[in-house]
Amino acid sequence: MTNLDGLNNEQREAVLHDKGPLLILAGAGSGKTRVITHRIAYLIDELDVNPYRIMAITFTNKAAKEMRDRVDSLIGYGSEDVWVSTFHSTCARFLRRHGELLGYDRNFSIYDTDDSKNVIKEICKRFNIDTKKIREKSFMIDISNAKNELIPPEKYLLAIGNSARDQMTAKVYAEYQKQLKANNAMDFDDLLMNTVRLFREFPEALRYYQQRFQYLMVDEYQDTNKAQFEFIHLLANYENEDGDIEHNLCVVGDDDQSIYKFRGADIRNILDFEKVYPNTKVIKLEENYRSTNNILTAANEVIRHNLARKDKRLRTQQEDGQPLICTTYEDDRGEAADIAGEISRLVVSGQESYEAFAVLYRTNAQSRAIEEQMVYQGIPYRLVGGVNFYSRREIKDCLAYLRTVDNGVDSQQVKRIINVPKRGIGLATIDAIDAYALEHELDFFEAIRRCRNIPGISRACEKLERFVAAIEGFRNVQKTSNLQQLINTILEDTGYWDTLNDDPETKDDRLANLQELINKAVAFEDEHPEDPSLSAFLSEVSLVADIDSMDPNEEKVTLMTLHSAKGLEFDHVYMVGMEEGLFPSDFGGLDQEEIEEERRLCYVGITRARKTLHLSHCNSRFLRGEKSYNRPSRFLRELPRHVVTMRGSRGSRYLSEDETFSKPKPKYEDEFTRSDYSRTNPDNFSNNSFLSDDLPIKKKSFDASAKSAGTLEALLGSSIKRGSDLYKTPTPTASPSGDLGYGVGDKVKHVKFGIGTVTSITMGSKDYEVTVDFPAGTKKMLASFAKLVKVD
DNA sequence: ACGCCGACCGTCCGA
DNA sequence: CGGTCGGCGT
C-alpha cells in the first residue's frame, strides 16, 4: 500500500491522478519531488503499472539522483526498472542505440563548449571570418538557439532572417554540423535535436519508445526549450491498442522559477500546457514546507512585481521567524569578512554547524572574495561551479586520448593530443595534414597514416608514425584491459606524467586530478557491470556537472551561484552583491523580460532559506580588476519593510595584520554588538535614505553612496586601486583534519580501495589533497571527490 | 618548433 | 582581474 498520510489535499490529488495529462504548478518548497515519487509508487503499487513503463525526466544529474534514491526507498521491488534520468543522458542512450539510422556510429563523441569552439574557430579561419568582428561565441549562441528551436542549417535563413550576418551564420552552422558529423560527434544541443529527428524520421523507433514509456513525468518543466518540448510531446503521443491516445504525461514546474531563458527555455511551454493538452488536470501546490512566514512574505512580495506570471501565493503554517537582515557594506571584502565572521561565531559557539549555511551570488567571479575570507578565518567550505573538473587541461588531454582510442574519426581530439606531450609536431605539419585530409575527404587520423604521401612534411613523418603506432597500441590495450589499466598505460607510455614536472606550481593538483579520473573510471566499471565500455564511460563523463558530486552532508559552508542553488535548501542563506548592475546584472540595456528573469532568480534565492535570510550590498566592489560603485539592487527596495531589519554600513575596516584567525575578531566588533540599532523604519527604504546617518561610520558610507550618483570619471579618479599590500595571502593554518573528519595517521575507508592509512594531507589550490596508503598501493586524491570516511 | 611577453578583451548563468 | 592570442626572439 502506498502511504498517503502526511500529504496535503492537493498533493494527494496529484498522486492519485492516473490517466491523462497532469500539470502540477509547484511553488518553491511545496514538496513536488515528494509528489512525483509518491505518484510513481502509487502507479506501481496500486495501479499495477510495470515500473519499466515509467520514465521520470529531470534537468540535472543531481535531481535525477535524488529522485532515484527516493523512488528506491519508497518502492520495494522493481524500482530499478523505473527510468530516472536527465534529458541529455536519455537522449544519449537512445542515440547510442539508434543513432546509426541518422548516420552516427554508436560510439559518437559528445562535445562540450570547448570542443565546439575549436571547431567553430577552424571554420572561421577557413571562411576568412574576422573573429575580432564576429566572435566564435556569438556563432555558438546563434547555432545553439537554432538547435533548441529545432531549426536545421538548411532552414536557418527561412526561419531567422536573411541579413548578411544571418547568411554567414547559416554557412558556419551548416559547416559546423558537417564537421561534427565527420568527427562522429554531437554537441549537447544535438543530443536533443537528433533524438527529435530520430523520432520524426523513423516512426518505428518512436513507436518503440512510446510503447516502452507509457507514463512520463517531467520535472522543472518551466525550463524546457522547444526541442525538449517536442521530445516529450512525441513520446507522450502513445496510441494504445484501442486506438486511444492517453497522454499519460505529468509535468511539474513553477513559472516563477524559470531562470534559464538564456539557454533557450521557453516559459510558454508551461503557460500553454493546457492548450496543447485540452483535458489537462491542473493542480497548484502553494503550501510551503520549507521557510518561515517572514521569508515567504518577502518572496511573495518580490515576485509580485513580475507581470508575466500565473497568479499564486506561497503560504505556510510556520511562524514568522526571524526578520530578514539587509546589510550595507563598504566593499566586497568587508562583506565577505563579516559574513565569514558571523558564520564562524555561530558555529564556534555551538549554535549551528557549517553545512547549515550557504552564500549565494550572481556570478562565479564573486566567489573569490568570499573564498579568501573563508580560508582566512579557517571556515571549511565547498565551492560549487567555477571550473568544472572535466574542463581542466590534464583531464581534457587524457579524455582526448581516450576518445581517440574509442572514436577513431574524431579529428578534434587527435589534434588536441598530437603534440601533447611534445613530439616536435608543429603547426605547419598539422596544417598540411589538414589540407590533405580535406582534399581527400579523410579524417585527420587517417590522413596522418598516409603522411608519406603528403608533400612538405617528410621531416615529421617518423614522429607521426610513432604517434599512430602509439594510438594503435592503446587500442590493443583496450581490447584486453579495463579502463584503469588503459588510462595508466596512456599516461605512462606517452610520458604524460613527466610533463607535469614542467610546472611545479600545478603539478600536485594535476596529479591528483588525473588520479581522481582514474578513480572515477574504476568506480564507473564497478557501477555499470552491464556496460563498462569506454564509450559509456566517456558519455557519462561528458554529461556530468560539478554540482552533481556535491555531498550536502559534509560539514562545510556552501558557496555557489543562485542558478546552481535552484532545488536546494539551507537553514541560513546569505545573498550577497545585491547591487544594480550586478543583480539584476546589466549587460547593455535591461528590458522588462530580462528584469523579470532576474527577479525570478532573486525569488529562487530567497526561497532557498529555511530559517534566516541575509541580503547585502556594497558601496564599492572590485569588478574585473576595477573598483566599481553600484547602487543597492531594486530587489532590496521590493522587500516588504515590516519583515526586514536594516543594518547600516559595516565591514569598512579589515582585519588588521596582527590578528590571526585563531582569533577572528573583527575590529568593528563593537558595532556588531551595538547592532540593535537595527530597526524597521520604512522611510529608510527609499533609495536616497537607504543608509541611515546617525552613526559616524554610516555617515562616511553615505558620502560614498552619494558620490555614486556623480560622474564615473570622478569616482575612478579618486578610487584606490587594489594594492597588493592591502591583501595578504591567506594562510590556511587550521588543521585540515578538523574539517575532513580524519587526519594523518587515521584509518579511512574509500569506496573502491577499501581501508587505508592517511599519510599526508595538504592544501591544494581548490581542495585538500589526501595521500592514503591502501593495500592496493598509495593513492593521492582530492578530498571532495574521494569521500573518505574515518574508520576506527 | 617553441617559449616568453605584452596587448587585448570579456565580461553571467550551464547540460 | 585573469585568460587568450599574436608577435617576436631563440
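Computed from a predicted model, the values in this text were never measured in an experiment.

### Description of the overall build of chain A
Scanning chain A for helices and strands turns up 33 helices and 21 strands. Going through the 792 residues of chain A one by one, you find that 57% of them count as buried. Residue pairs in contact within chain A that sit at least 24 positions apart in sequence constitute 74% of those at least 6 positions apart. Of the roughly 34,800 Å² of accessible surface on chain A, a fraction of 48% belongs to carbon and sulfur atoms.

### Overview of the protein's contact with DNA strand C
Every residue near DNA strand C is listed here: Lys121, Arg368, Arg624 and Gly625. Put simply, 36% of the atoms of DNA strand C that lie within 4 Å of the protein are in sugar or phosphate. Lys121 places a side-chain nitrogen or oxygen 2.7 Å from a phosphate oxygen of DNA strand C. For the surface near DNA strand C, the residue count by class is no nonpolar, one polar and three charged.

### A look at the nonpolar core
In this structure, Leu191, Phe199, Phe231 and Leu249 are the most contacted members of the largest nonpolar core, which totals 63 residues. Discounting chain neighbours no more than four positions away, the residues touching Leu191 are His88, Cys91, Ala92, Leu95, Phe108, Ile110, Met186 and Leu543. Core analysis: the next-biggest nonpolar cluster, separate from the first, contains 52 residues, Cys461, Val468, Leu500 and Ile518 among them.

### Concerning the sheet that holds strand β2 (residues 54-58)
Pairing within the open sheet is parallel, and its six strands lie in the order β3-β2-β6-β7-β1-β8. Two strands lie at the open edges of the sheet, namely β3 (83-86) and β8 (281-285), each paired on one side alone. Recorded for the sheet is a direction-independent mean angle of 15° between the axes of neighbouring strands. Where strand β1 (residues 22-26) meets strand β7 (residues 249-253), four bridges bridge the pair, whose relative direction is parallel. Residue Leu25 lies in a different strand from β7, and its bridge partner there is Gly253.

### With respect to the packing of helix α17 (residues 393-406) against helix α21 (residues 458-480)
Two quantities define a packed helix pair, namely the angle between the axes and the distance from one axis to the other. Two elements in contact, α17 and α21, have axes whose closest approach is 9 Å; the angle formed by their N-to-C orientations is 75°. Here α17 lies roughly perpendicular to α21, going by the angle between them. Where α17 approaches α21, its residues Tyr401, Thr404 and Val405 are matched on the opposing element by Ile471, Phe474, Arg475 and Gln478. Of the residues in the contact of α17 with α21, the class split is four nonpolar, two polar and one charged.

### Details of helix α8 (residues 164-182)
Helical periodicity: at 3.6 residues per turn, an α-helix aligns residues three or four positions apart in one direction. The end-to-end C-alpha separation of α8 is 27 Å, in line with the 27 Å expected for 19 residues at 1.5 Å each. The set of residues buried in α8 consists of Asp166, Thr169, Ala170, Val172, Tyr173, Glu175, Tyr176, Gln177, Gln179 and Leu180. Asn184 sits one or two positions beyond α8 and adopts a positive phi of about 55°.

### Some remarks on a positive patch on the surface
Judged by side-chain charge, Lys117, Lys121, Lys132, Arg135 and Lys137 come together as a positively charged surface patch. In this structure, Arg135 sits in the loop between α5 (113-126) and α6 (136-148). For Arg135, a relative accessible area of 48% translates into the label partly exposed.

### A few points about the protein's contact with DNA strand B
In the neighbourhood of DNA strand B, 25 residues make up the surrounding shell, with Arg135, Arg362, Asn364, Gly426 and Arg624 lying closest. Between DNA strand B and the protein, one listed contact pairs a phosphate oxygen with a side-chain N or O atom of Arg135 at 2.6 Å. A distance of 3.0 Å separates a phosphate oxygen of DNA strand B from a polar side-chain atom of Ser564. Counting residues per element, the ones that place at least two in the surface near DNA strand B are α19 (427-440) and α26 (562-565). Among the elements that take part in the surface near DNA strand B, α19 stands out by supplying three residues, more than any other. Taken together, the residues that form the surface near DNA strand B break down as eight nonpolar, eleven polar and six charged.

### What to know about the packing of aromatic side chains
Under the defined criterion, the tally for this structure stands at 22 aromatic pairs. Centre to centre, the rings of Phe87 and Phe231 are 6.1 Å apart; their planes meet at 65°, and the pair counts as edge-to-face. Of this pair, Phe87 sits in helix α4 (residues 87-98) while Phe231 sits in helix α11 (residues 226-235), and the two are 144 residues apart along the sequence. Comparing Phe87 with Phe231 shows no difference in burial state: the two are buried. On the basis of an interplanar angle of 45° and a centroid distance of 6.2 Å, the ring pair of Phe94 and Phe231 is categorised as tilted.

### As for the pattern of salt bridges
Within the structure shown, the criterion is met by 52 salt bridges. Between Glu220 and Lys32 there is a salt bridge, with its nearest N and O atoms 3.3 Å apart. You can see Glu220 sitting in the loop between β6 (215-218) and α11 and its partner Lys32 sitting in helix α2 (residues 32-45), a full 188 residues away along the chain. Relative accessible area serves as the criterion here: at 14%, Glu220 is assigned to the buried category. Salt bridges linked by common partners bring Lys32, Asp219, Glu220, Asp223 and Lys566 together as one network.

### A closer look at unusual backbone geometry
With an omega dihedral of -5°, the bond running from Val420 to Pro421 counts as a cis peptide bond. Along the chain, Pro421 falls in the loop between α18 (411-417) and α19. The residue after Phe583, namely Pro584, is reached through a cis peptide bond having omega 10°. Mapped onto the secondary structure, Pro584 falls in the loop between β13 (570-575) and α27 (592-606). The phi angle at Asn128 is positive, at roughly 55°, despite the residue not being glycine. Relative to the helices and strands, Asn128 is located in the loop between α5 and α6. Not every positive phi belongs to a glycine, and Glu441 is a case in point at roughly 50°.

### Description of the environment of Thr363
Inspection of the secondary structure assignment puts Thr363 in the loop between β10 (357-361) and α16 (367-376). Judged by relative accessible area, which is 26%, Thr363 ranks as partly exposed. C-alpha of Thr363 to C-alpha of Met560: the two residues are 197 residues apart in sequence and 8.6 Å apart in space.

### Points about the side chain of Asn184
Inspection of the secondary structure assignment puts Asn184 in the loop between α8 and β5 (185-187). Residue Asn184 is classed as buried on the basis of its relative accessible area of 5%. A distance of 3.1 Å separates a polar atom in the side chain of Asn184 from the backbone nitrogen of Asp105.

### Comments concerning the environment of Tyr215
Inspection of the secondary structure assignment puts Tyr215 in strand β6. Spatially, the C-alpha atom of Tyr215 lies 5.1 Å from that of Asn248, the residues being 33 residues apart in sequence. Ignoring sequence-local partners within four residues, the contact set of Tyr215 consists of Asp18, Lys19, Leu43, Val49, Arg53, Ile54, Met55 and Asn248.

Criteria and thresholds
Residues numbered from 1 in each chain as written. Chains lettered and ligands numbered in written order. Predicted model: local features only at pLDDT ≥ 70, side-chain atom pairs only at ≥ 80, totals over all residues. Heavy atoms only, no water. Helix = DSSP H or I, 4+ residues; strand = E, 2+ residues; numbered from the N terminus. Buried < 20%, exposed > 50% of the residue type's maximum accessible area, 1.4 Å probe, protein only. Contact = heavy atoms within 4.5 Å. Areas by Shrake-Rupley, 256 points an atom, 1.4 Å probe, with all protein chains shown as cover. Near = heavy atom within 4 Å. Polar contact = N/O pair within 3.5 Å; in protein donor to acceptor, adjacent residues only side chain to side chain. Nonpolar A, V, L, I, M, F, W, Y, C, P; charged D, E, K, R; others polar. Core = buried A, V, L, I, M, F, W, Y, C linked by side-chain atoms within 4.5 Å. Pairing = 2+ DSSP bridges. Axes fitted to C-alpha atoms, helices over the stretch in contact; angles between N-to-C directions. Parallel < 35°, antiparallel > 145°, perpendicular 65-115°, else oblique. Expected span 1.5 Å × (residues − 1). Patch = residues over 30% accessible without salt bridge, like charges linked within 9 Å, V, L, I, M, F, W, Y side chains within 5 Å. Salt bridge = Lys/Arg side-chain N within 4 Å of Asp/Glu carboxyl O. Lys, Arg positive; Asp, Glu negative; His and termini not counted. Charge placed at Lys NZ, Arg CZ, Asp CG, Glu CD. Phe/Tyr/Trp six-rings, centres within 6.5 Å; stacked < 30°, edge-to-face > 60°.

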